[in-house]
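# Observations on the model geometry
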Amino acid sequence: MKKLLLCCLMLSLKAVCYAEEGTPPQERYILVIHGGAGTITKQNMTPEKEAAYTAVLKEALITGYKLLKAGKSSVDAVEATIKVMEDSPLFNAGKGAVFTHDGKNEMDAAIMNGKSLQAGAVAGVTTVKNPIAAAKAVMEKSEHVMLAGRGAEQFAKDAGLEIVDPKYFWTQERWDALQKVLKTDSTRTKPEHSYTPAGKLGIENVDNKFGTVGAVALDRNGNLAAGTSTGGMTNKKYGRIGDSPIIGAGTYANNKTAAVSCTGWGEYYIRDVAAYDLSAMMEYKGISLDLAAKTVIEKIGILGGSGGLIALDQAGHAVMPFNTEGMYRGTITEDGQIDIEIYKPQ
């Protein structure tokens, strides 16, 4: 009887702890991905297109999962996962990259190792088939963190990466989107859902849909990694670079805290140093991954920005907050359970 009472008491105390913390036992996630956040609603999505997005997200998750289960590093898993999305015309990265004002595809990418804090990034590349592979090469084969433009392309070629004709990145949907924007273009360019003071030159993104892709992973050795790849924003000018390749803004990983990949209106993520901000709140204030992530997105919103992020900590806890109508996102647990979502929770 005493043993029974003791057991009941322990269970009760455990239940109280969960109630007070507000965090019941969670599944251990090892890979989390996103395919961009923005005005993504079920009303504007056909069943066929939804199925196509879901299929690519699932393929990306399975690709990274197989590497992690085989004992490969989180860095390798992140690279392979993102390459799947870069090779799909559905996402604004690699093959599906949007067009600049001058009718070019200029891509950015970054990757970071949470164990060593090594990082690599490329910006404004036009001939590298998989920018995330170039970012990884910069991290592993150079003394630098970020390379840009022709220099980054030459480095990628010297590193043995696949180089393609810029025509490879041309897609009808992205070209049509640029033509639509150009009809209403002006020197005061901006995302149409926001206010930009008169006289400022910038960006116009009429469809308000950011298709940046990213992945965060946790390997068998407890090491985290994060990666992000993007084609930027439709009709961008002046060699604009967003947050994705900037370590600490759109991409960050630290075994002490979390791996983070962001998507959205990059200027605000840069100004808020969003990815590192999440990590710093966890490290210096000791707050949870969930609260840190929510706080970052709230701060982005207060500034006037929009988007989301994915983050994963060393315990396998995952979060995917966003302040837009939707965000392509998916997770896979250590036992292989896949969950893919697109729209805002009802």
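Here is a short report on the structure shown in this document. (Residues numbered from 1 in each chain as written. Predicted model: local features only at pLDDT ≥ 70, side-chain atom pairs only at ≥ 80, totals over all residues. Heavy atoms only, no water.)

### Examining empty space enclosed by the protein
Inspection of the entire model under this criterion finds one cavity of 30 Å³ or more. The calculated volume of the largest cavity comes to roughly 90 Å³. Lining the largest cavity are 16 residues, with Thr212, Thr230, Arg240, Asp243 and Gly264 sitting closest to its centre. For the lining of the largest cavity, the element with the most residues is strand β8 (residues 258-264), which contributes three residues. (1 Å grid on protein atoms, 1.4 Å probe; cavity = no way out; pocket = protein on both sides within 12 Å on 5 of 7 lines; lining within 4 Å. Points joined across faces, edges and corners; volume = space filled by probe spheres on them. Helix = DSSP H or I, 4+ residues; strand = E, 2+ residues; numbered from the N terminus.)

### A short note on the sheet that holds strand β6 (residues 224-230)
The strand order β4-β3-β2-β6-β5-β1-β11-β12 describes an open sheet built from eight strands, whose pairing is mixed. At either end of the open sheet lies a strand with only one pairing partner, and these are β4 (146-148) and β12 (338-343). Between one strand axis and the next, the sheet turns by 10 degrees as a mean value, whatever way the strands run. Lying on the sheet, helix α3 (residues 74-86) is in contact with β1 (29-38), β2 (107-113), β5 (213-218) and β6; it crosses β5 at an angle near 155 degrees. (Pairing = 2+ DSSP bridges. Axes fitted to C-alpha atoms, helices over the stretch in contact; angles between N-to-C directions. Contact = heavy atoms within 4.5 Å.)

### Considering unusual backbone geometry
Glycine aside, residues mostly have negative phi angles, and peptide bonds mostly take the trans form. Phi angles above zero are rare outside glycine, and Asn235 is one such case at about 70 degrees. Note that Asn235 resides in the loop between β6 and β7 (251-253). Look at Val273: it is not a glycine, yet its phi comes out positive at around 45 degrees. Along the polypeptide, Val273 turns up in the loop between α7 (266-272) and α8 (274-285). Since its relative accessible area comes to 38%, Val273 is described here as partly exposed. (Buried < 20%, exposed > 50% of the residue type's maximum accessible area, 1.4 Å probe, protein only.)

### What to know about the pattern of salt bridges
In the structure shown here, the tally under the stated rule is 14 salt bridges. A salt bridge links Lys136 to Asp76; its shortest N-O distance comes to 3.3 Å. With Lys136 in helix α4 (residues 131-141) and Asp76 in helix α3, the pair connects residues that are 60 residues apart, well separated along the chain. Look at Lys136 and you get buried, because its relative accessible area is 10%. Here Glu283 makes a salt bridge to Lys256, at a shortest N to O gap of 4.0 Å. Here the residue Glu283 occupies a position in helix α8, and Lys256 occupies one in the loop between β7 and β8, the gap between them amounting to 27 residues. What makes Glu283 partly exposed here is its relative accessible area of 33%. Judged by relative accessible area, Lys256 falls into the exposed class, the value being 67%. Each member of the salt-bridge network shares a partner with another, and the members are Asp76, Glu79, Lys136 and Glu140. (Salt bridge = Lys/Arg side-chain N within 4 Å of Asp/Glu carboxyl O.)

### Observations regarding the nonpolar core
Ranked by internal contacts, the top residues of the largest apolar core, which has 49 residues, are Leu31, Ile33, Met85, Phe91 and Tyr328. The element best represented in this core is helix α2 (residues 47-69), accounting for seven residues. Leu224, Leu278, Ile300 and Phe322 belong to the second largest nonpolar core, which has 39 residues in total. (Core = buried A, V, L, I, M, F, W, Y, C linked by side-chain atoms within 4.5 Å.)

### Focus: the environment of Leu278
Locating Leu278 in the fold gives a position in helix α8. Among the residues examined, Leu278 registers a relative accessible area of 0% and is labelled buried. Sequence separation between Leu278 and Leu289 is 11 residues; the distance between their C-alpha atoms is 7.8 Å. Not counting chain neighbours up to four residues away, the residues in contact with Leu278 comprise Ala258, Val260, Leu289, Ala292, Ala293, Val296, Leu309 and Ala311.

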